[in-house]
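This is what each chain is made of:
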Amino acid sequence: MGIEVRNIGKQFGAFAALDNISLSINSGELVALLGPSGSGKTTLLRIIAGMESADVGEILLYGAAANNKPAGERNVGFVFQHYALFRHMTVFDNIAFGLTVRPKETRPSKAAIRERVFNLLKMVHLENFHDRYPHQLSGGQRQRVALARALAVEPKMLLLDEPFGALDAKVRQELRRWLRRLHDEIHLTSVFVTHDQEEAMEVADRVVVMSNGRIEQIGTPEEVYHHPANAFVYDFLGNYNEFTGWQENAGSALNLIDYERQTDAPAGAKIVKVFARPHDMDVSKTDTFGGESIAAKVMHINPAGALVKLELERVRNPGLLLQAEISQDAVLAQAIRKSDVVYVRPRATRIFMNS
Amino acid sequence: MNASLKKQLTEPLWLRVVLITLTFLFLAALVGLPIVIVIIEAFSKGWGAYRDALTQPDVISALKLTLLVAAIAVPLNVVFGLAASWAIAKFEFRGKQLLITLIDLPFSVSPVISGLVYILLFGAHSMMGDWLIRHDIQIIFAVPGLVLATIFVTFPFVARELIPLMQEQGVEQEEAAVLLGANGWQTFRRVTLPNIKWGLLYGVLLCNARAMGEFGAVSVVSGHIKGETTTIPLYVEILYNEYNFVAAFAVASLLLLLGFVTLAAKKIVSRQERGQHGH
């Protein structure tokens, strides 16, 4: 086991930043801590790194209790959102820092440090930037220097706090693919914090979804996306439409009240909230669903991306919006335009108990 | 930008000329003229008299005393300023706001009061006076008193320069250093200090200028014993009161020189500081 977190709790005054968190991260695994701001993900990362201490609970790093171990002795590489490069040092000196502060007995020779730094520079594709200062680099370059600096001390774990949060969209994409490739090469136990679900899905082996200081779900990207444990995870991982439906009792067939051919819930039936992803919506210009559909007016068409995003307003309940994502072909074939009235029907729905 | 817009955005030429001229005249009358007079008076009896005035044993000893006081007060205030700004910028603790207010106190209290405080504390009729006399320790009317008074009035210079600088820089770089295995001293020496070095130097310059030029506070605790407890500014007054104008202005010219050196050094330091920040 690489990193083991057992029943960690942390209070900031009256605010519970972390509430009984337990988590196991295998060695060599790349895990994302995903959640909105204030969910406790950064606090958890800082506790693992040793920059913050937990009020209760235990941290084990490679099987050894680490609660009382100073940050500098935990063998972690840490990457900050805003790089935290030493601005008065060159790129070379930044990367070499962790090696040069070692006591004489364990400090590598000057030549060895030089070789290691240049190997790292090569790895982050910045060979020719060794004598630059941080302010002479772009954001993406700075973050790669920060990563090289963290890796220079040959840590057993790499912790990244919103590593791409301060970068623009294109650089962010590039860097996260690069991070994934790098991880596949060096297989360092890695944890990164992000609030961007797409980033977590794309990069991580496993995703830990957090909210309000608690873990909502732990699973592979596939698991958390397709089998969300609760409404929060479902909500956080993507856009959705919400309908009202009823069931005779839990587990029996689901009927939507929102359909044009209204089927009011019989007395005693259980009313449930029903969710569907925008890409799970069928859209037709004529009502081919036999009344089992919702009439909606096309408010906006966003053609950017693989699927065309339609923003719809229900005809019967103006103000209630729907989102649908359908193929470019379907839009063209049916000649769907702004202000048209279309009929939509969720293809796949999901209900959550206790929501 | 078209001409009419430009016209709307700038003041008319005559107003600009008047304002600039006024400023220059003001400065010339209130700052330039006194400086020129100090120099003229200092050399009014020629270079020989000037040199003689500056080589009097009492002047030499006043000069030495001034340097000694500054040499003690400035380093102590550097240590204090670093400690205070480090604590204020990098940690959260109860009483922080009070500490910030207290640091500013010497700026808001009249220097005479600052000196008086030490007389009340350590003077012959004070609570500690008896004890000090019995142990033959002299603070008031002696060098320790001068140092204490000087430390008090120059207290805020370094801290005030560093606190905003360190607050702006935050703690991330220090955290990064610690995570990379640096110990406390290495973190301070190799990360914190280089980041604040120009700000620190700037604070030291101001602190030094004030330490050497302070009159009010040291005047109260000095006792004005010629050759023993008179610093340069005090000695200027003594000479002037003795109608020894050439010597008074000659010694004053030393302080003037200190002022110019400080100003030049300040200019260089702030240019360096800007350069270091890049962009």
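Residues numbered from 1 in each chain as written. Chains lettered and ligands numbered in written order. Predicted model: local features only at pLDDT ≥ 70, side-chain atom pairs only at ≥ 80, totals over all residues. Heavy atoms only, no water.

Draft legend 1. Layout of the environment of G81 of chain B. Residues and elements named next belong to chain B. The residue G81 is located in helix α4 (residues 57-90) in this model. Sequence separation of G81 and S110 is 29 residues, and the distance between their C-alpha atoms is 21 Å. Contacts of G81, omitting those with residues within four sequence positions, involve V158, A159 and L162. (Helix = DSSP H or I, 4+ residues; strand = E, 2+ residues; numbered from the N terminus. Contact = heavy atoms within 4.5 Å.)

Draft legend 2. Just the sheet that holds strand β17 (residues 321-327) of chain A, in detail. Residues and elements named next belong to chain A. Taking strand neighbours across the sheet as the criterion, the 5 strands line up as β14-β18-β15-β16-β17 in an open arrangement whose pairing is antiparallel. Among the strands making up the open sheet, the edge pair consists of β14 (281-284) and β17. The mean angle between the axes of side-by-side strands here comes to 45°, regardless of whether they run parallel or antiparallel. Direction of pairing for strand β16 (residues 307-314) relative to β17: antiparallel, over a ladder of 7 bridges. Note on β17: the bridge partner recorded for V308 is I326. (Pairing = 2+ DSSP bridges. Axes fitted to C-alpha atoms, helices over the stretch in contact; angles between N-to-C directions.)

Draft legend 3. Seen up close, the nonpolar core. All names here are of chain A. One finds I95, L147 and L158 to be the most contacted residues of the largest nonpolar core, which totals 45 residues. Considering every element that reaches this core, the biggest residue donor is helix α4 (residues 139-152), with 7 residues. Those residues within four positions of I95 in sequence are excluded, and the remaining contacts are V117, L120, L121, V145, A148, R149 and A152. Formed by 40 residues, the second largest nonpolar core is a distinct cluster that contains L23, L45, M51 and V153. (Core = buried A, V, L, I, M, F, W, Y, C linked by side-chain atoms within 4.5 Å. Buried < 20%, exposed > 50% of the residue type's maximum accessible area, 1.4 Å probe, protein only.)

Draft legend 4. How the structure looks around the pairing of strand β8 (residues 189-194) of chain A. All names here are of chain A. Extensive coverage of β8 is indicated by the burial of 6 of its 6 residues. Of the two faces of β8, the one lined by T189, V191 and V193 and the one lined by S190, F192 and T194 are each fully buried. With helix α5 (residues 169-186) bridging strand β7 (residues 157-161) and its parallel neighbour β8, the resulting β-α-β unit is right-handed. (Right-handed = clockwise from strand over helix to strand, strands pointing away.)

Draft legend 5. Summary view of the packing of aromatic side chains. Under the counting rule described, the total for this entry stands at 20 aromatic pairs over all chains. Here F275 of chain A and F352 of chain A contribute two aromatic rings whose centre-to-centre distance is 5.8 Å and whose plane-to-plane angle is 50°, an arrangement assigned as tilted. Pair noted here: F275 of chain A is in strand β13 (residues 270-276) and F352 of chain A is in the segment after β18 (341-346), with a separation of 77 residues, a long-range link. Its relative accessible area of 5% is what places F275 of chain A among the buried residues. Between W86 of chain B and F188 of chain B, the aromatic rings sit 5.9 Å apart at their centres with planes inclined by 65°, giving edge-to-face as the arrangement. On the criterion of sequence distance, the pair formed by W86 of chain B in helix α4 and F188 of chain B in helix α10 (residues 184-213) is long-range, its members being 102 residues apart. Residue classification places F188 of chain B among the buried residues on the basis of a relative accessible area of 19%. Through pairs of rings, three or more aromatic residues link up here, namely Y234, Y240, F275 and F352 of chain A. Between the NZ or CZ atom of R149 of chain A and the centre of the ring of F86 of chain A, over which it lies, the distance is 4.5 Å. Here the basic side chain of K90 of chain B rests over the ring of W86 of chain B, its NZ or CZ set 5.8 Å away from the ring centre. (Phe/Tyr/Trp six-rings, centres within 6.5 Å; stacked < 30°, edge-to-face > 60°. Lys NZ or Arg CZ within 6 Å of the ring centre and 35° of its normal.)

Function-wise, these values are silent; they only describe arrangement.
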